[in-house]
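Listed below are the residues making up each chain.
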Amino acid sequence: MNTTSTESWPQLIRQEMSKVLIGQEELVDSLLLSLLTQGHVLLEGAPGLAKTLAIKTLSECLSVSFSRLQFTPDLLPADLIGTLIYHPEKHTFEPKLGPIFNQFILADEINRAPAKVQSALLEAMQEKQVTLGDVTHQLPRPFLVLATQNPIDQEGTYPLPEAQLDRFLFKIIINYPSLEEEMVILEKMATSAPPAQVQPVVSVEQLQESRKAVDSVHIDKNLNQYIVQLVQATRDMGKVSPELGQLVRAGASPRASIQLALSAKALAYLEGRDYVIPQDIKKLAHRILRHRILLSYEAEAQDVTADQIINSLLSKIQLP
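Residues numbered from 1 in each chain as written. Predicted model: local features only at pLDDT ≥ 70, side-chain atom pairs only at ≥ 80, totals over all residues. Heavy atoms only, no water.

Caption draft 1: Examining the overall build of the protein chain more closely. A count of helices and strands for the protein chain gives 14 helices and eleven strands. On C-alpha atoms alone, the protein chain measures out to a radius of gyration of 21 Å, which is about the 20 Å that the 2.2 N^0.38 rule sets for 320 residues. If one aligns the C-alpha atoms of the protein chain with their principal axes, the spans along those axes are about 70 × 45 × 40 Å. Within the protein chain, the proportion of its 320 residues that are buried is 49%. (Helix = DSSP H or I, 4+ residues; strand = E, 2+ residues; numbered from the N terminus. Rg over C-alpha atoms; globule rule 2.2 N^0.38 Å. Buried < 20%, exposed > 50% of the residue type's maximum accessible area, 1.4 Å probe, protein only.)

Okay, here's the thing in structure tokens:
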């Protein structure tokens, strides 16, 4: 493994991922932020946009254990977390741990599994542990769930429950590449040559040191107040703007305030600052809030999106 300081490893990860991933700067930065804040990420985009490739490549950059789980309608909770196996000769049950006992989990097409399977992730995502029978097993650290879902084909899908959506730090919308980016993808990938090899460039110990550095990043009290005002406004849109009052059924939880502050500090760290600026909060607001705002039927009828609601909030709520 290459040796590097805690300050330089994010750039080395970007360089390694650029060997196989073209563009997608927001995705890569979001994955780095999730590492620093121990937050899970939900990726939404059409098939073929390198969602799985990005996650697998990130795991190779850190040399951590990786497991890809293809979610399907017939998947069972035991397929995910494991089960207890009875040994008749011993008259005992022994745990057989499932694939969730890896450090990086790719939950591919997570919305294709029924609620009982999705709920099996809840304890793992929030508590970093899994309970089998009457025994609780700790998950390895770092533990990161990176889930994908396809927004196009909704047949045979199950919407994620709000409680599970709230466990995700970010929801990232993956768009199609630009003409220039797709030309580079074509020239790089349309070949029988083996793909570029990605090298591990950061250790878990270095990651832990960087997390301590993020904790020391300063965020002004006024910026904390701005975060709280922004999140609370999602719960009562009518106070912000009468025309927005009928568009939102429910807003973000206090977990959104916590994660917006943490990710803003992590973004400041990535940009080489030891203090948060307002632009950090505004840059992350959509990723933090878009999956936590529940739109009303009126909003859906008018084709209003959560991102449009957030744009309105950012333009109307001023810094204290």
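Caption draft 2: Local environment of the layout of surface pockets. The space that makes up the largest pocket amounts to roughly 770 Å³. Taken together, 27 residues line the largest pocket, and the ones lying closest to its centre are Glu44, Gln149, Leu165, Lys171 and Glu300. Along the lines of polarity and charge, the residues of the lining of the largest pocket split into twelve nonpolar, seven polar and eight charged. (1 Å grid on protein atoms, 1.4 Å probe; cavity = no way out; pocket = protein on both sides within 12 Å on 5 of 7 lines; lining within 4 Å. Points joined across faces, edges and corners; volume = space filled by probe spheres on them. Nonpolar A, V, L, I, M, F, W, Y, C, P; charged D, E, K, R; others polar.)

Caption draft 3: Representation of the packing of helix α2 (residues 25-37) against helix α11 (residues 254-270) in the model. Close contact between α2 and α11 brings their axes to 9 Å; oriented N to C, the two are set at 115 degrees. With respect to their mutual orientation, α2 and α11 come out roughly perpendicular. When the axes of α2 and α11 are compared, the crossing they make is right-handed. Residues Asp29, Leu32, Leu33, Leu36 and Thr37 of α2 touch α11, and the partners they reach there are Leu262, Ser263, Ala266, Leu267, Tyr269 and Leu270. Partitioned by chemical class, the residues of the contact of α2 with α11 number eight nonpolar, two polar and one charged. (Axes fitted to C-alpha atoms, helices over the stretch in contact; angles between N-to-C directions. Parallel < 35°, antiparallel > 145°, perpendicular 65-115°, else oblique. Left-handed = near helix turned anticlockwise from the far one by under 90°. Contact = heavy atoms within 4.5 Å.)

Caption draft 4: Region of the structure containing the pairing of strand β7 (residues 135-138). Looking at chain direction, strand β6 (residues 129-132) and β7 are connected through four bridges and run antiparallel. Bridge assignment links threonine 131 to a residue of β7, and that residue is threonine 136. Here β6 folds back onto β7, and the loop between the two strands holds two residues, one of which, glycine 133, carries a positive phi near 65 degrees. (Pairing = 2+ DSSP bridges.)

Caption draft 5: Seen up close, the sheet that holds strand β8 (residues 144-149). Overall, parallel pairing links the five strands, which are arranged β2-β5-β8-β1-β9 in an open sheet. The open sheet has two edge strands with one neighbour each: β2 (66-70) and β9 (168-173). Each adjacent strand pair in this sheet contributes to an overall mean axis angle of 15 degrees, direction not counted.

Caption draft 6: Representation of empty space enclosed by the protein within the structure. In the structure shown here, the tally under the stated rule is one cavity of 30 Å³ or more. Lining the largest cavity, in full, are Leu35, Gln38, Phe104, Lys128, Pro142, Phe143, Leu144 and Arg211. Class assignment of the residues belonging to the lining of the largest cavity gives a composition of five nonpolar, one polar and two charged.

Caption draft 7: Geometry of unusual backbone geometry. At the junction of arginine 141 and proline 142, the peptide bond is cis and its omega measures out at -5 degrees in the coordinates. Non-glycine residue glutamine 38 carries a positive phi angle of around 60 degrees. Residue placement: glutamine 38 occurs in the loop between α2 and β1 (40-44). A residue is classified by how much of its surface remains accessible, and glutamine 38, at 38% relative accessible area, is partly exposed.

Caption draft 8: Broad picture of the pattern of salt bridges. Under the criterion given, the structure shown has 14 salt bridges. Across the salt bridge formed by arginine 255 and aspartate 166, the nearest N and O atoms sit 2.5 Å from each other. Residue arginine 255 is found in helix α11, and its partner aspartate 166 is found in the loop between α6 (162-165) and β9; the two are separated by 89 residues along the sequence. Assessed through its relative accessible area of 22%, arginine 255 is described here as partly exposed. What makes aspartate 166 buried here is its relative accessible area of 12%. Of the charged contacts, one joins lysine 212 and glutamate 209 as a salt bridge, the two residues approaching to 3.6 Å between their closest N and O atoms. Of the two residues, lysine 212 and glutamate 209 are both situated in helix α8 (residues 204-215); the distance of three residues between them amounts to about one turn of the helix. (Salt bridge = Lys/Arg side-chain N within 4 Å of Asp/Glu carboxyl O.)

Caption draft 9: Quick peek at a nonpolar patch on the surface. Nonpolar side chains collect at one region of the surface, where Leu84, Tyr86 and Phe93 lie side by side and expose about 300 Å² of accessible area between them. Position of leucine 84 relative to the elements: it lies in strand β3 (residues 82-87). Judged by its relative accessible area of 34%, leucine 84 falls in the partly exposed class. (Patch = residues over 30% accessible without salt bridge, like charges linked within 9 Å, V, L, I, M, F, W, Y side chains within 5 Å. Areas by Shrake-Rupley, 256 points an atom, 1.4 Å probe, with all protein chains shown as cover.)

Caption draft 10: Structural detail: the packing of aromatic side chains. Taken as a whole and judged by the stated rule, the model has zero aromatic pairs. In this arrangement the basic side chain of arginine 273 is found over the ring face of tyrosine 275, its NZ or CZ atom lying 5.8 Å from the centre. The ring of phenylalanine 170 carries the charged tip of arginine 287 above its face, separated from the ring centre by 6.0 Å. (Phe/Tyr/Trp six-rings, centres within 6.5 Å; stacked < 30°, edge-to-face > 60°. Lys NZ or Arg CZ within 6 Å of the ring centre and 35° of its normal.)

Caption draft 11: Layout of the side chain of serine 257. As for its position among the elements, serine 257 is in helix α11. Look past the residues within four positions of serine 257 in its chain and what remains in contact with it is Ile227, Val228 and Val231.

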